[in-house]
Amino acid sequence: KVMRSYSEAPDDALFRKLAKVYVDGHRKMGKCGQVEPCNPLNFTCKGGMTNGAEWYCVAGGMQDFSYMATNCLEMTFELSCDKYPDESELMTYWEDNKEALLTYMEAVHTGIKGFVRDGSGKGVANATISVEGVDHDVTTASDGDYWRLLLPGTHNVTASWEGFEQTRTCVVKDSSPATICDFSFAATTTWFAPNGNKTVTGQTSFIPYPDRSSNPASGSFSVHGSLSFGCYQLLVLALTAVWRL
């Protein structure tokens, strides 16, 4: 038997903040005193959210896979006791959730974003982006771009790829666009031979590009909302617990 207990992921504080963003924008979620027949645990008087593993355990869930194997962060929203509400109720559900959805989407601009480039300015795919103190990395996309949701504060961020590494200090401000934090590597040839020995022709160097972290963020900064850890659903927003057959 799997015991229900709080399962804290490396990004636990971040997901609690994202959860609160949705709860605070909702007309009922988190408003103590709202009574729902399928909500015996009374989540509305507990901030409108719960750690999923503390509620119930799900083995092999999509949230777990997305967090562990991709750059996605997923969040679960429980919105109703009725899986198939009547058409006449849909407008009420929309009004209850509209502001929450909009503010939640705006939260996509929380953190850092940028590019990892080689010495010629070409984007580096599959470079690893690590944040000191958070044991969960993301990787760059095919064009060398990356995005990383982070809480406000000063973060030491490291980009690494094929033996190259660069660390920068990236400042994330509250209620501000995502901070641009770019990285660049430069070398003349292959770093490592198949046997692990260094094989260099000519100069091999690490050359950071000029600091552009002060530039304002622009363009899109993608996010998915929630997550889980191991076999445990990590963070669930709940107005009511959906009754399961």
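Residues numbered from 1 in each chain as written. Predicted model: local features only at pLDDT ≥ 70, side-chain atom pairs only at ≥ 80, totals over all residues. Heavy atoms only, no water.

S.K.: How should I be thinking about unusual backbone geometry in this particular structure?
M.R.: Peptide bonds are, in most cases, trans, and in most cases residues other than glycine have a negative phi. Positive phi outside glycine occurs at Glu-162, with the angle close to 50°. By the element assignment, Glu-162 lies in the loop between strand S7 (153-161) and strand S8 (164-172). The class for Glu-162 is exposed, based on a relative accessible area of 52%. Positioned with a positive phi, Ser-175 is a non-glycine residue whose angle comes to about 60°. Within the element layout of this structure, Ser-175 appears in the loop between S8 and strand S9 (179-180). (Helix = DSSP H or I, 4+ residues; strand = E, 2+ residues; numbered from the N terminus. Buried < 20%, exposed > 50% of the residue type's maximum accessible area, 1.4 Å probe, protein only.)

S.K.: Help me out: how do you make sense of the nonpolar core in this one?
M.R.: The nonpolar side chains of a soluble globular protein tend to be buried with one another. Core analysis: the biggest nonpolar cluster contains 18 residues, and Ile-112, Val-116, Ile-129, Val-157 and Phe-183 have the highest contact counts within it. Broken down by secondary-structure element, the contributors of at least two residues to this core are strand S3 (112-117), strand S4 (128-131), strand S5 (134-139), S7 and S8. The greatest single-element share of this core, amounting to 3 residues, is contributed by S8. Core analysis: the second largest hydrophobic core is formed by 16 residues, Ala-9, Ala-19, Tyr-22 and Met-75 among them. (Core = buried A, V, L, I, M, F, W, Y, C linked by side-chain atoms within 4.5 Å.)

S.K.: In this structure, what is going on with a nonpolar patch on the surface? I would like to understand it.
M.R.: Side chains of Met-91, Trp-94 and Leu-101 sit close together on the surface and give an oily, nonpolar patch of about 310 Å² of accessible area. You can see Trp-94 is positioned in helix H4 (residues 90-106). (Patch = residues over 30% accessible without salt bridge, like charges linked within 9 Å, V, L, I, M, F, W, Y side chains within 5 Å. Areas by Shrake-Rupley, 256 points an atom, 1.4 Å probe, with all protein chains shown as cover. Salt bridge = Lys/Arg side-chain N within 4 Å of Asp/Glu carboxyl O.)

S.K.: Hey, could you run me through the environment of Asp-11 in this one?
M.R.: Here Asp-11 lies in the segment before helix H1 (12-25). The class of Asp-11 is buried, set by a relative accessible area of 3%. For Asp-11 and Leu-73, which are 62 residues apart along the polypeptide, the C-alpha to C-alpha distance reads 9.6 Å. Here Asp-11 is in contact with Tyr-67, Val-134, His-136 and Arg-148, once residues within four sequence places are set aside. (Contact = heavy atoms within 4.5 Å.)

S.K.: Could you clarify how one ought to interpret H4 in this entry?
M.R.: Taking 1.5 Å per residue, 17 residues should reach 24 Å; H4 reaches 24 Å between its end C-alpha atoms and fits that length. By the largest-angle criterion, Asn-97 marks the main kink of H4, which is about 40°. Residues of H4 that are buried: Asp-96, Asn-97, Ala-100 and Tyr-104. Buried residues in H4 make contact with H1 and strand S2 (76-78). (Expected span 1.5 Å × (residues − 1). Bend = angle between axes of the 7 residues up to and from the residue.)

S.K.: Where do I start with the state of the cysteines in this structure?
M.R.: Counted by the stated rule, this structure contains 1 disulfide. At a sulfur-sulfur separation of 1.8 Å, the disulfide partner of Cys-170 is Cys-181. Taking the torsion about the sulfur-sulfur bond, which here is approximately -50°, the covalent link between Cys-170 and Cys-181 counts as left-handed. Taken together, the positions of Cys-170 in strand S8 and Cys-181 in the loop between S9 and strand S10 (183-184) put the pair 11 residues apart, joining distant regions of the chain. (Disulfide = S-S within 2.5 Å.)

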